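Working through the structure, step by step
Residue-level listing of the chains:
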Amino acid sequence: MFLKTTPRTLSPIRWLGPAATLVLSGWAFGCGSSSPVRPVEPGMSSRAREYLRPPLDGYSGALAPEWAAEIRRGYDALVASGGFEVAKAAGQALVNRFGELLPATVLMAQSEFASGDPFAAFERLEPALRGQPTYLAGHLLLGRSAELSGRPAAAFRAYRQVAGDPLAARRLAAVADAAVQEVRSQLDDELERGRVAEAQALSAELADWAPGSLVTLEGSWKVARASGDPVAELLAVRPLAATAPDRRDWTERRAELEVAVGDPKAGVDLYEELSRRDPNDPRLADGLAGAKFRWRLELLPEAVSGLVGPRRLTRGDFATLLYWLVPGVRTDRGRGGRIVADVPLEHPQREEIVRVVNTGLLEVADSTLHRFAPDRAILRSDALRSVGRWLAGQAACAAPLAEGLRPSTDAICEVATRCRLLDEVAECLPGAALSGVEASQILRRALDLGVAPSRP
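Below is a summary of the structure that appears in this document. Keep in mind that this is a model prediction, so the values were computed, not measured. (Residues numbered from 1 in each chain as written. Predicted model: local features only at pLDDT ≥ 70, side-chain atom pairs only at ≥ 80, totals over all residues. Heavy atoms only, no water.)

Here we take up the state of the cysteines. Evaluation of the coordinates by the stated rule reveals two disulfides. The partner cysteine of C397 in its disulfide is C419, sulfur to sulfur 2.0 Å. Across the S-S bond of C397 and C419 the torsion is about 120 degrees, and the bridge reads as right-handed. Pair noted here: C397 is in the loop between α19 (380-392) and α20 (409-418) and C419 is in the loop between α20 and α21 (436-449), with a separation of 22 residues, a long-range link. Relative accessible area serves as the criterion here: at 3%, C419 is assigned to the buried category. A sulfur-sulfur separation of 1.9 Å characterises the disulfide bridge that pairs C413 with C428. Judged by the torsion about the S-S bond (-75 degrees), the C413/C428 disulfide is left-handed. Taken together, the residues C413 in helix α20 and C428 in the loop between α20 and α21 connect sequence positions 15 residues apart. Grouping residues by exposure puts C413 and C428 together as buried. What links to what in the chain: the bonded cysteines, counted in sequence order, pair as 1-3, 2-4. (Disulfide = S-S within 2.5 Å. Helix = DSSP H or I, 4+ residues; strand = E, 2+ residues; numbered from the N terminus. Buried < 20%, exposed > 50% of the residue type's maximum accessible area, 1.4 Å probe, protein only.)

Next up, the structure:
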């Protein structure tokens, strides 16, 4: 989206030199007089003239000699005597006779620009120059028309196409900051509309225009966050947090992502630094505890530690976490005799599933057919009930979830909140799936209330 401006037609007098002003004055005051007016060569103001290059400059297409001659005549009339209408008519005549003819289109835009209407010149040139990256006369005029129309990003794009020209290079530097800010604003607008792909394209443009700048880094992070890819977000927030270490929100977000999908040790270090700055913040203390817990999980087999990530867990995955993290599960043979008919001997998680089912922490999904459904997503309510059953023997807050009781989902959510497995009831979402990161937090908080976690 371009910046909104209010188009207005500028007076041609502002664009002409002193001689032209005399001629216009003679027309204004001498129409009724019989005294002859001595013709004066108007000339064009040098400020406007420098953006009007011969329409064939940089044009790479083929052009018949007679067409080129007509374009040159129209251009000469424009720059030598301010013949705006003559130049526009010459360009229009060529287009009418021969169809789309880019130098003629540029000549018409030049006449509009020189007569004080950069808005019209921009609207004519912008679509016409697509696919013509080296056309000097066109892009130089497009850039200046965009500038005067309040479109710095469009001006930057145009000048960049012909940056080898000294004037284009100077104007490119002059509009760079405003162009970056405009694109950043457009990026935010696209994200507000939920148009992530469009925002990604703008983010790539910022990275090309201003690599490493704070505006670019923040834009990349926002796009990555909106895409829902935590790995991409971590890669984006790392340089952002490093560039602005005083921004606690960026550092804290990086710490969260390091723990979830990156380097848990780096997450511990970041949380420790944040806690030193604000030792009384309970959120930071909880984050630090979670980071240390996640780091300890790295000691477990990769098939276990790899579960503690952003993807959703299956029932078999959650049984594996219970088996390895909850004290006593690996050594407790349980009551035995509970059958899981749909978990074959060769299933990689069979031992964990059978053990967890026989200790009573997780139930089979279908008690009639004795099916556990190991590949089905674990529901948050099932996970919280399971953790609560173990915790019921360790903390009074979980007593309603003891094995043998059939609590409602509301009761499960209330217990999870009371035991601080969740921060608030609204996080419960009993019918939703559970990610490895969320499961890790629930288990860590439960173990903090009970006894030390099982060691590998």
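Moving on from the coordinates now.
Okay, the pattern of salt bridges next. Here the structure, examined in full by the defined rule, presents 38 salt bridges. Here R160 ties to D208 by a salt bridge, and the two come within 3.0 Å at their closest N and O atoms. Here D208 lies in helix α10 (residues 196-209) and R160 lies in helix α8 (residues 152-161), a separation of 48 residues in the sequence. Exposure remark for D208: the relative accessible area of 45% places this residue in the partly exposed category. In this structure, R355 and E351 form a salt bridge, with 3.9 Å as the shortest nitrogen-oxygen distance. Separated by four residues within a single helix, R355 and E351 lie in helix α18 (residues 350-358), roughly one turn from each other. (Salt bridge = Lys/Arg side-chain N within 4 Å of Asp/Glu carboxyl O.)

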